Amino acid sequence: MPFKYHLVYFARIAILALLPSLLPTVVIAKDGYAAVTTENVDIQLDNLSSMLLPLDQAELETEAQAWQTVLSEKVKEISALEIQSRKVNEQLPGVLDAVGEQLKEGVAAVMPAGDAAVEPGVGTDAATPDQSNQADTSLKLGEQIAAKRLEQAALNKRFALVLDALESKGGDVQKQKLYLNAVSGIKLDTDNTTAAFLAVREWLKSEDGGLLLLMNVLKFAAVMAFVVFLSRMAGRVADRIVSRQPVSMLLENFMKVAIRRTVLAIGFIFALPIIGIDVGPLLALIGAAGLVIGLALQGTLSNFASGVLILIYRPYDMNDAVKAGDVTGVVSSMNLLFTTIKTFDNQLITIPNNSIWNDAITNITGSHQRRVDLVFGIGYDDDFAKAQDILRTILKEHPKVLETPAPNIRVNELADSSVNIICRPWAKTEDYWDVYWDVMEAAKREFDKANITIPYPQRDVHVYPAVDRSAEADKTA
């Protein structure tokens, strides 16, 4: 059969497919209400929302039925054109190659002459007139399909808007949404690369497709830039507020980071609808995931809660010397899950916050002043009053010993081997070990000069001779 008869046959099919769309779509409800929003299928979304607002459930059901009818007719048109395109492409095996050559020629027209890999007509079979006609027909059908799909995408948005309005007023839209989901989306025919290419190209050029997406992406980027700026401003305001309050350095650092990240997270979630992402299901998913993660990470959440309590009640701060459990050292860093302590021999030990909070916490440097507790033992034959005078002189001459509170030097214990004298001066926390070592060294030196002994632990042992019990027994007998 000549190719022109095929064209006539396909043209008839196309007219029959397009005929329903040429007639006005009017759906009349049982109560006499006729759908009015489908009179202009290109109505703007804002205007459509305003028209749907005063309608009741029954009227919205009529509108939804009308929009579904319009959408169904559009899907039928696209289906008929796709069937026609497949039949054209199946006529001759070389049709797609001829179409590809036309596309190559279009690309070669904008390329330098030296960059062309293959000259037209060289290395390939020349296309016959019938092939050329079929190639043109295939291209036209692909363009029509792409244009119709864009029209369908616009109808999908309006139909979805009507369904949302109906659902908000108590209507059952489950079946309509299933139908909408079934016909929505960009469906590319991988067997017909030309049609797929044209569909993508038309979508990119359309106001409801690529151009709309590009504008939305630019808006999203602008909003996120503003959110970043706002988060930094909020962080600075938080810094000023926190710096004026008597809070720990740990809480100050946490507040700075937490406020910035919170503003960023909230801004990001509110910006997602700009690019067409519905945050409702996303928030529901986050809530469900949070429940599952919370059950799976109970220990981690316990550490998190303990970290919050540590930040609130401030048992220690950064650079404080603490004893937490069996670990003694300086607090190097902390977050909401664990605390890192650097021991005095420069080891880094990470402790979960829950272990710290549930145990005794000793803040060695929590106060500005500390009492230095020293004990000196002298012999029973030594003059303890003279030893006390020596200790008073040592403390009075030491520059880091505080006058207030006054040092305390008293006889504290009559031990087994020595008379123990306590020496308790006060010093600044950072001078604790200097006072401790200096006083200990000076006391040993001055005691030696004054012939005051520091006795070793000793014990008196008394030895009695053994008695011969057998001799005593003979005398008695």
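See the structure shown above.
Overview of the structure. Remember, predicted model here, so these are calculated numbers, not experimental data.

**Concerning the overall build of the protein**
A count of helical and extended segments in the protein gives 15 helices and ten strands. When each of the 477 residues of the protein is scored for burial, the buried share is 32%.

**Concerning the pattern of salt bridges**
This structure, assessed with the given rule, holds 14 salt bridges. When the shortest N-O distance is used, the salt bridge between Asp 373 and Arg 371 registers 2.7 Å. For Asp 373, a relative accessible area of 37% corresponds to the partly exposed category. Taking the shortest distance from any N to any O, the salt bridge between Glu 446 and Lys 449 comes out at 3.9 Å. Remark: Lys 449 and Glu 446 occur in helix H14 (residues 432-449); sequence separation between them is three residues, near one turn of the helix. A single salt-bridge network, built from bridges that share partners, covers Lys 74, Glu 77, Lys 148 and Glu 151.

**Details of the packing of aromatic side chains**
Tallying each qualifying case throughout the model produces seven aromatic pairs. Between the aromatic rings of Trp 433 and Tyr 436, the centroid separation amounts to 5.5 Å while the plane-to-plane angle is 70°, which identifies the pairing as edge-to-face. Linking Trp 433 with Tyr 436, this pair stays in helix H14, spanning three residues, or about one helical turn. On the basis of relative accessible area, Tyr 436 is assigned to the partly exposed category, the value being 25%. Taking NZ or CZ as reference, Arg 370 lies 4.0 Å from the ring centre of Tyr 432, over its face.

**Considering the packing of helix H13 (residues 384-397) against H14**
At a minimum axis separation of 10 Å, H13 and H14 run at an interaxial angle of 135°. By the angle between their axes, H13 is oblique relative to H14. The hand of the H13/H14 crossing is right-handed. Contacts between H13 and H14 involve Ala 387, Ile 390, Leu 391, Ile 394 and Leu 395 from the former and Val 439, Ala 442, Ala 443, Glu 446 and Phe 447 from the latter. Class assignment of the residues belonging to the contact of H13 with H14 gives a composition of nine nonpolar, no polar and one charged.

**What to know about the sheet that holds strand E9 (residues 419-424)**
In space, the three strands of this open sheet follow the order E7-E9-E8, with antiparallel pairing throughout. Strands at the two margins of the open sheet, each flanked by one partner only, are strand E7 (374-378) and strand E8 (408-414). Ignoring strand direction, the axes of neighbouring strands in this sheet form an average angle of 25°. When E7 meets E9, the two strands line up antiparallel, connected through five bridges. Each residue of the ladder has a partner; that of Val 375, found in E9, is Ile 422. In this fold H13 packs onto E7, E8 and E9, with an angle of close to 145° to the strand it touches most, E8.

**Digging into the environment of Asn 156**
Tracing the chain through its elements places Asn 156 in helix H5 (residues 129-168). Looking at Asn 156, the relative accessible area reads 11%, which means it is buried. Sequence separation between Asn 156 and Gln 68 is 88 residues, and the spatial gap between their C-alpha atoms is 9.1 Å. Residue contacts for Asn 156: discarding those within four places in its chain leaves Leu 71, Leu 180, Val 183 and Ser 184.

Cut-off values and rules
Residues numbered from 1 in each chain as written. Predicted model: local features only at pLDDT ≥ 70, side-chain atom pairs only at ≥ 80, totals over all residues. Heavy atoms only, no water. Helix = DSSP H or I, 4+ residues; strand = E, 2+ residues; numbered from the N terminus. Buried < 20%, exposed > 50% of the residue type's maximum accessible area, 1.4 Å probe, protein only. Salt bridge = Lys/Arg side-chain N within 4 Å of Asp/Glu carboxyl O. Phe/Tyr/Trp six-rings, centres within 6.5 Å; stacked < 30°, edge-to-face > 60°. Lys NZ or Arg CZ within 6 Å of the ring centre and 35° of its normal. Axes fitted to C-alpha atoms, helices over the stretch in contact; angles between N-to-C directions. Parallel < 35°, antiparallel > 145°, perpendicular 65-115°, else oblique. Left-handed = near helix turned anticlockwise from the far one by under 90°. Contact = heavy atoms within 4.5 Å. Nonpolar A, V, L, I, M, F, W, Y, C, P; charged D, E, K, R; others polar. Pairing = 2+ DSSP bridges.

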